[in-house]
Amino acid sequence: MLNLKIEDVKVILTAPGGIDLVVVKVETNKKGLYGLGCATFTQRIYAVQSAIENYLKPFLIGKDPSRIEDIWQSANVSGYWRNGPIMNNALSGIDMALWDLKGKIADMPVYELLGGKCRDGVALYRHVDGSNEMEVERNARQLMDEGYQYLRVQMGMYGGSGTEDTRLIAKVISRASNIQSKHSPEHVQPGVYFDPEAYAKSIEHLFAHLRATLGYNIELIHDVHERIAPIEAVRLAKKLEPYHLFYLEDPTSPENLDWIELIRQQTSTPIAIGELFTNVNEWKPLIAKRQIDFIRAHVSAIGGITPAKKLAVFGEFYGVRTAWHGPGDISPVGAAANLHLSISTPNFGIQEWTPLNEQLQTVFPGCPIVKNGYAYLSDRPGLGIDIIEEEATKYPCQGTIPMWTLARTPDGTAVKP
């Protein structure tokens, strides 16, 4: 064996897409041999950086990087309290980097270490938005022409509010023009305002229009993003049943998971949930009781590849498929990790995809190739992606709280974003 030891752990902050990213580089005592991982919690990048540099780095120096499972388990409990998004993202950066390292040592892609390919390409879904039904339809047709067979359709982003905060998906989204929101009182607080009830009423009309114009050969997804009351989510899921959604995402918040059972009793609309979960055990009752259809895990928020693979296997026993979270606020390293999991998971459902701009591809050479609605991984060892640190420094992070998280209803109440 190589008698490898972890010699250093570096945190790299960069924002080539205008979105703050956190990348971890685990270096070994063999010159030039290192692994990369994604630890991006874009709303708390400095907290994650501190967790890695002040706690995980001293814990890891001198350890054998091949002992991925032992390192994950021991690091996870090293602070006694566990399963928060800051420490989980920090641990994820280490975990992904160790898988990347193991692939490089074995001279194999990570997906080979996870059991090999289950499919030849990873089907992707893209985001479609617009200020009204016709604009959504036009934008959907454009992506269909590019070969995408799965689309997540929104109207005015989450709740119809739109966003000018480009650190969400790197572009401005207009408010829904045909949602008549309730008026606000005087002297309201800063925030992104939306009307939950008016938004919920608009979505049935959106899907009626899309099915009438696009037909039923395209798979459609909608993300509620926990923006409505639980009883409204029940009503919406029932209303959307005739339009055969691929799934309805996050109809309730994690705090209201007991409502999922009621939704399940009322409708056959498929449900995806879990983007905000930070503990794999949060899915356990939902999967075991067959109350959801898709696992919407943010892989770095649950601690990386190691727990994600176990979660996928658990879902397989119950017919629940994966739909890993793939927004703009994960690094290309994290996007690659998603794809290695997706291509090697038999119960794969769909993979969310946010296009990688030219700056991201310059900083992170080896980004996956996307053609005709599918992503393709190379046969390079490890995760197959690298980072040019000199280029990364050209794109400094802002480190501030994104405005889109400051959601409010018309009367000024702060609500879940």
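As a reminder, the structure under discussion sits directly above these lines.
Thresholds applied
Once a new chain begins, its residue numbering starts again from 1 and follows that chain's sequence as written. Whole-chain, interface and lining totals are the exception, using all residues; otherwise, since this is a predicted model, local features are given only for residues with pLDDT of at least 70 and side-chain atom pairs are given and counted only at 80 or more. For side-chain calculations, the full set of non-hydrogen atoms in the structure is used, while hydrogens and water are omitted. Whether two strands pair depends on DSSP finding at least two bridges between them. Secondary structure follows DSSP: runs of H or I at least 4 residues long count as helices, runs of E at least 2 residues long count as strands, and numbering of each begins at the N terminus. Axis definition: a line fitted to C-alpha atoms, limited for helices to the stretch in contact. Angles are taken between N-to-C directions and run from 0 to 180 degrees. It only takes one pair of heavy atoms within 4.5 Å for two residues to be counted as in contact. Criterion for a salt bridge: a side-chain nitrogen of Lys or Arg within 4 Å of a carboxyl oxygen of Asp or Glu. The classification of residues rests on relative accessible area computed with a 1.4 Å probe and restricted to protein chains. Under 20% of the type maximum is buried, over 50% is exposed, and intermediate values are partly exposed. The patches reported here contain residues having more than 30% relative accessible area and no salt bridge. Joining distances are 9 Å for like charges and 5 Å for nonpolar side chains (Val, Leu, Ile, Met, Phe, Trp, Tyr). Here the accessible surface of atoms and residues is derived via Shrake-Rupley with a 1.4 Å probe, and residues count as covered only by protein chains that are part of the display. Working definition: the arc comes from the directions between the helix axis and the C-beta atoms, pointing outward to the latter. To pair, rings of Phe, Tyr and Trp, with the six-membered ring standing in for Trp, must have centres within 6.5 Å; the planes then decide the type, stacked if under 30 degrees apart, edge-to-face if over 60, and tilted in the middle. Put simply, a charge is over a ring when the Lys NZ or the Arg CZ is close to the ring centre, within 6 Å, and near the line of the ring normal, within 35 degrees.

> How should the sheet that holds strand β1 (residues 6-14) be read in this particular structure?
What links the strands of a sheet is backbone hydrogen bonding, and the strands pair in either a parallel or an antiparallel sense. Taken together, three strands build an open sheet; the order of strands is β1-β2-β3 and the sheet is antiparallel. Each edge of the open sheet is held by one strand with a lone partner, namely β1 and β3 (34-38). Geometrically, the sheet is characterised by an average inter-axis angle of 20° between neighbouring strands, direction not taken into account. Taken together, the eight bridges between β1 and strand β2 (residues 21-28) define a ladder with antiparallel strand orientation. Paired with D8 across the strands is E27, a residue of β2. Of the strands in this sheet, β1, β2 and β3 touch helix α3 (residues 85-106), which is tilted by about 140° from β3. Along the sheet, helix α11 (residues 332-343) contacts β2 and β3; its crossing angle with β3, the most-contacted strand, is approximately 90°.

> Quick question: what am I supposed to make of the environment of Y374 here?
Within the fold, Y374 resides in strand β14 (residues 374-376). Sequence separation of Y374 and A51 is 323 residues, and the distance between their C-alpha atoms is 36 Å.

> What is the right way to read the pattern of salt bridges from this model?
One side chain can pair with another of opposite charge once the charged atoms of both are near each other. Taken as a whole, this structure holds 16 salt bridges when the rule is applied. With its nearest N and O atoms 3.0 Å apart, the salt bridge here joins R141 to E137. Here E137 and R141 lie together in helix α5 (residues 133-145), a separation of four residues that amounts to about one turn. Residue classification places E137 among the buried positions, given a relative accessible area of 14%. Put simply, K10, K25, E27 and E389 are held in one network by salt bridges that share partners.

> Before we go on, may I ask you to explain a nonpolar patch on the surface in this structure?
A contiguous nonpolar surface patch, about 260 Å² in accessible area, is contributed by I401, M403 and L406. Position of L406 among the secondary structure elements: in the loop between α13 (389-392) and β15 (407-408). A residue is classified by how much of its surface remains accessible, and L406, at 38% relative accessible area, is partly exposed.

> Looking at this structure, I do not really get unusual backbone geometry. What am I missing?
Peptide bonds are trans in most cases, and residues, glycine excluded, mostly fall at negative phi. Positive phi is not limited to glycine here, since E226 has a value of about 55°. Unusually for a residue other than glycine, N372 sits at a positive phi of about 55°. With respect to the secondary-structure elements, N372 resides in the loop between β13 (369-371) and β14. Accessibility expressed as a relative area gives 55% for N372, which makes it exposed.

> Sorry if this is basic, but what is going on with the side chain of T252 here?
Inspection of the secondary structure puts T252 in the loop between β8 (247-249) and α8 (258-266). In this structure T252 comes out as buried when scored by relative accessible area, which is 3%. With residues up to four places along the chain from it excluded, the contact list for T252 reads E226, P230, A233, L257, W259, I260, I263 and I273.

> Please clarify how helix α2 (residues 68-77) should be interpreted in this entry.
Side chains of residues three or four places apart in an α-helix project in the same direction, reflecting 3.6 residues per turn. By the burial criterion, the buried members of α2 are I68, I71, W72, A75 and N76. Taken down its axis, α2 places every buried residue within 120° of arc, on the same side. For α2, the elements touching its buried residues are β1, α1 (45-60), α3 and α10 (305-316).

> Got a minute to help me understand the packing of aromatic side chains in this structure?
Under the counting rule described, the total for this entry stands at eight aromatic pairs. Through a chain of ring-to-ring contacts, three or more aromatic side chains come together here, namely Y125, Y150, F246, Y247 and F294. A cation over an aromatic ring shows up here: K25 above the ring of Y34, its NZ or CZ 4.2 Å from the ring centre. Its end group placed over the ring of F194, R227 keeps NZ or CZ at 4.6 Å from the ring centre.

> Explanation requested: the environment of H183 in the structure shown.
Inspection of the secondary structure assignment puts H183 in the loop between β5 (150-153) and β6 (192-193). You can call H183 exposed: its relative accessible area is 74%. Spatially, the C-alpha atom of H183 lies 7.7 Å from that of D411, the residues being 228 residues apart in sequence.

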